[in-house]
Each structure stands twice: as C-alpha cells, then as structure tokens.
Amino acid sequence: MSRGRGRPALPSPFTPTVQKRYLDEITTGARLEDAASTVGVHRNVPARHARTDTAFAKAFEEAKARGREARRANGPHNASRYRYYGCHCPDCRKDHAAKRKDRRHRADDRAAEGRVIDLGSGRDSPSSFLLPLPSSGRAA
Ligand SMILES: [Zn+2]
C-alpha cells in the first residue's frame, strides 16, 4: 500500500467557472465569506487557491479593491461612512454628531461617578481619552 503525505487530493470544487462567479460576487461588493458560501466553497478556499495561482491572486486583489469601492458607493450614510470615507453629507453629519454626543454623555457619566478624569472634555480631538484616577482602587 502506497502512502503519500496527508489526505489524497480531491478534485477541487473551486473550478475556473466557480472562481469567476466568486470574483464577480466580490467585485460587486459581497463580503468574502458571503461570496464563498454563495458559490458553495469553504471561506478559506479562495485565499488558499490564491497562494498557488498568481493570476487568480491578482484578479482576487483587484476584485476586493473594486468590491470595497462598490460597498463604499452603495453603503448607508452614517457615522462610519463619515469617519472612514470622509462623507460629510447631511445624513452622515447628523449620525456622526448623534453618536459623538452619545459617547460624550457616557464619558460624562463615568466622570461623574468619579472613576475617571476626563482629559478630553471640550476638545474636539481624536486623541481625547480618559484615564483612571491615580487613587482609584487604592486604600486611602
Ligand atoms: Zn454621506
């Protein structure tokens, strides 16, 4: 009985036809996992295939880049779009402002409970942050 290394290779379900369908899914903005399940392969299969097929790897990268653009173009207008894609349309602004207000209220609540010092209050800076009081958790 001849023994190879590991399991004998099965014919890959990731045929050129399936690859094309997968890349089309990715290009139109589907998430990697969703695209894989749509065409019926495990989500690891395409990335593994890309390691040995440079043409596919290149097409895969292009599809992902175009998919990101597609998601960006079709995505909802909200705080995430404001922050990560720089969309400052009224919808994005409004959601961003609401979420920021929310975050600040929660920070104010924590500060009011005396557990933290608010070093960022009143500053509109991404580096605003909260630190625990030096004395917190220590016996006086
Ligand atoms: Zn927007």
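Everything below is about the structure printed above this text.
Please read these numbers as outputs of a predicted model, since none were measured by experiment.

(A) Molecular detail of the overall build of the chain. Counting its secondary structure elements, the chain contains six helices and two strands. Order of helices (α) and strands (β) in the chain, N terminus to C terminus: α-α-α-α-α-α-β-β. Per-residue burial over the chain gives 12% buried out of 140 residues.

(B) Highlighting helix α4 (residues 54–74). Helix length check: α4 (21 residues) gives 30 Å between terminal C-alpha atoms against 30 Å at 1.5 Å per residue, within 8%. Inspection of α4 places Phe60, Ala63 and Gly67 among the buried residues, and these make up the whole buried set. All buried residues of α4 fall inside an arc of 70° around its axis, so they share one side. In α4, the exposed positions angled more than 90 degrees off the buried face are occupied by Thr54, Lys58, Glu61, Ala65, Arg68, Glu69 and Ala73. Elements in contact with the buried residues of α4: α1 (16–27) and α3 (45–52).

(C) Just helix α2 (residues 32–39), in detail. Turning to α2, its buried residues are Ala35, Ala36 and Val39. Down the axis of α2, the buried set is contained in an arc of 100°. They therefore lie on one face. Residues Glu33 and Asp34 are exposed on α2 and point more than 90 degrees away from its buried face. Of the surrounding elements, those touching the buried residues of α2 are α1 and α3. Of the residues trailing α2, Gly40 is marked for its positive phi of about 85°.

(D) Examining the packing of α1 against α2 more closely. For the pair α1 and α2, interaxial distance at closest approach is 9 Å and the crossing angle is 145°. Crossing geometry of α1 relative to α2 is assigned as right-handed. Between α1, through Val18, Arg21, Tyr22, Glu25 and Ile26, and α2, the contact on the second element is made entirely by Leu32, Ala35, Ala36, Thr38 and Val39. When grouped by side-chain class, the residues that make up the contact of α1 with α2 number seven nonpolar, one polar and two charged.

(E) Focus on the packing of α1 against α4. Packing of α1 against α4 brings their axes to within 7 Å, and their N-to-C directions diverge by 25°. Between α1 and α4, the angle is such that the two are roughly parallel. The segment α1 lies against α4, with Gln19, Leu23, Ile26 and Thr27 engaging Phe56, Ala59, Phe60, Ala63, Lys64, Arg66 and Gly67. Across the contact of α1 with α4, the residue classes tally to six nonpolar, three polar and two charged.

(F) Quick look at the nonpolar core. By size, the foremost hydrophobic cluster in this structure holds eleven residues: Phe14, Tyr22, Leu23, Ile26, Ala30, Ala35, Ala36, Val39, Val41, Phe60 and Ala63. Broken down by secondary-structure element, the contributors of at least two residues to this core are α1, α2 and α4. Aside from chain neighbours lying at most four places away, what touches Tyr22 is Ala35, Ala36, Val39 and Pro46.

What counts and what doesn't
- Residues numbered from 1 in each chain as written.
- Predicted model: local features only at pLDDT ≥ 70, side-chain atom pairs only at ≥ 80, totals over all residues.
- Helix = DSSP H or I, 4+ residues; strand = E, 2+ residues; numbered from the N terminus.
- Buried ≥ 20, exposed ≤ 12 C-beta atoms within 10 Å, placed from the backbone.
- Expected span 1.5 Å × (residues − 1).
- Arc of directions from axis to C-beta.
- Contact = placed C-beta atoms within 7 Å.
- Axes fitted to C-alpha atoms, helices over the stretch in contact; angles between N-to-C directions.
- Left-handed = near helix turned anticlockwise from the far one by under 90°.
- Nonpolar A, V, L, I, M, F, W, Y, C, P; charged D, E, K, R; others polar.
- Parallel < 35°, antiparallel > 145°, perpendicular 65-115°, else oblique.
- Core = buried A, V, L, I, M, F, W, Y, C linked by C-beta atoms within 7 Å.

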